[in-house]
Amino acid sequence: MKTVKIKQKNTEKKDVAGIIIGLMFFAMLAAVVYFVADSLIISREITAENISKDWHYTKNVGEDETTHWTFSPDGYATTYKMNNNTKIKSDEVRYTYTIDPPEEGKTHPVIHVTPDDRSMTKAEREAGRFGIRVTRVTKAEMDVEFIYDRFTTETTRLTTKLF
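Keep in mind that what you see is a predicted model, and the values were worked out from it rather than measured.

## Remarks on the layout of surface pockets
There is about 190 Å³ of room inside the largest pocket. Lining the largest pocket we find Asp-54, His-56, Lys-59, Thr-66, His-68, Met-82, Asn-84, Lys-87, Thr-160 and Lys-161. Elements supplying a minimum of two residues to the lining of the largest pocket: strand 1 (54-57) and strand 2 (65-71). Split into classes, the residues belonging to the lining of the largest pocket amount to one nonpolar, five polar and four charged.

Okay, structure coming up:
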């Protein structure tokens, strides 16, 4: 007896629509992962263009006021407090700033801010001068250390709106 092998035809149709939907899902997932990484994880160089936004302290639950810092690329910074209920600004102060390279033995640059009030004398402006050491900048947040004098510092995270 001779054995005859019969090759069975593949009669199943490929699910083309399912393959397309699956590829679209993975493309969307890749886009979301890239957006989150670009906004929150990938650090930027600390330049006037990268910090020129309206930054604010992270709001605590039930807090009525938040402090905002607005940096512009032309060397001016403004700080103000905003009432979260009424959206009214108060205590607005304008500064000039310069970004200095890291000091010897340090790894992060310092932003030196000086009050920009023409009614103040030069000595008063120098007395009001302080530094902001920026340790990390992303599109959504900036880790900073306010250096008021040799012994007084405040470390915080400033955030901004992405949309």
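Picking up where we left off.
## Section: the nonpolar core
Counting 20 residues, the largest nonpolar core has Trp-69, Phe-71, Ile-132 and Met-142 as its most contacted members. Among the elements that take part in this core, strand 6 (residues 130-137) stands out by supplying four residues, more than any other. Leaving out residues up to four positions away in the same chain, Trp-69 has contacts with Lys-53, Asp-54, Trp-55, Tyr-57, Ala-77, Thr-78, Thr-79, Tyr-95, Phe-130, Ile-132, Phe-146 and Leu-158.

## Considerations on the packing of aromatic side chains
Taken as a whole and judged by the stated rule, the model has eleven aromatic pairs. An angle of 25° between the planes, with centres 5.5 Å apart, marks the rings of Trp-69 and Tyr-95 as stacked. Pair noted here: Trp-69 is in strand 2 and Tyr-95 is in strand 4 (residues 89-100), with a separation of 26 residues, a long-range link. Assigned by exposure class, Trp-69 and Tyr-95 land together as buried. Ring-pair connections join several aromatic residues into one group, and the members of that group are Tyr-57, Trp-69, Phe-71, Tyr-95, Tyr-97, Phe-130, Phe-146 and Tyr-148. Of note, Lys-89 hangs over the ring of Tyr-80, and the distance from its end group to the ring centre comes to 4.6 Å. Over the face of the ring belonging to Tyr-76 we find Arg-94, whose NZ or CZ atom lies 3.8 Å from the ring centre.

## Here we look at helix 1 (residues 16-41)
Along its 26 residues, helix 1 runs 36 Å from first to last C-alpha, staying within 8% of the 38 Å computed at 1.5 Å per residue. Looking only at helix 1, the buried set comprises Ala-37, Asp-38 and Ser-39.

## Structural notes on the pairing of strand 7 (residues 141-147)
Taken residue by residue, a regular strand's side chains alternate between the two faces of the sheet. Burial analysis of strand 7 places five of its seven residues in the buried class, the great majority of the element. As defined by bridge partners, strand 6 adjoins strand 7 across six bridges and the pair is classed as antiparallel. Along strand 7, the bridge assignment pairs Val-134 with Val-144. Turn length for the strand 6-strand 7 hairpin, with the two strands adjacent in sequence and antiparallel, is three residues. From the end of strand 7 to the start of strand 8 (residues 153-159), which pair antiparallel, there are five residues.

Reading the values: the criteria
Think of each chain on its own: its residues are numbered from 1, step by step along the sequence as written. In view of the model being predicted, local features appear only for residues whose pLDDT reaches at least 70, and side-chain atom pairs are presented and counted only at 80 or more, with totals across whole chains, interfaces and linings using the full set of residues. Each side-chain value is worked out from all heavy atoms of the structure, with water and hydrogens disregarded. Cavities and pockets were defined on a 1 Å grid built from protein atoms only: a cavity is a group of points that admits a 1.4 Å probe but offers it no way out, a pocket is an open group of points flanked by protein on both sides within 12 Å along at least five of seven lines, and a lining residue is one with an atom within 4 Å of any such point. Grid points are joined across faces, edges and corners, and a volume is the space filled by probe spheres set on the points. Elements are defined by DSSP. Helices are runs of H or I of four residues or more, strands are runs of E of two residues or more, and each kind is numbered from the N terminus. When residues are sorted by character, Ala, Val, Leu, Ile, Met, Phe, Trp, Tyr, Cys and Pro go into the nonpolar class, Asp, Glu, Lys and Arg into the charged class, and all the rest, Gly among them, into the polar class. Throughout this description, the term nonpolar core refers to a set of buried Ala, Val, Leu, Ile, Met, Phe, Trp, Tyr and Cys residues connected via side-chain atoms within 4.5 Å. Three labels apply to residues, based on accessible area from a 1.4 Å probe with only protein chains included: buried if under 20% of the type maximum, exposed if over 50%, partly exposed otherwise in between. Residues count as neighbours in contact if any of their non-hydrogen atoms are within 4.5 Å of one another. In summary, the pairing rule links any two rings of Phe, Tyr or Trp, Trp by its six-membered ring, whose centres are within 6.5 Å, and it sorts them by plane angle into stacked for under 30 degrees, edge-to-face for over 60 and tilted for everything else. Counted as over-ring charges are cases with an Arg CZ or a Lys NZ within 6 Å of the ring centre that also lie within 35 degrees of the ring normal. Helix span, as expected, comes to 1.5 Å for every residue beyond the first. Two strands qualify as a pair provided DSSP detects at least 2 bridges between them.

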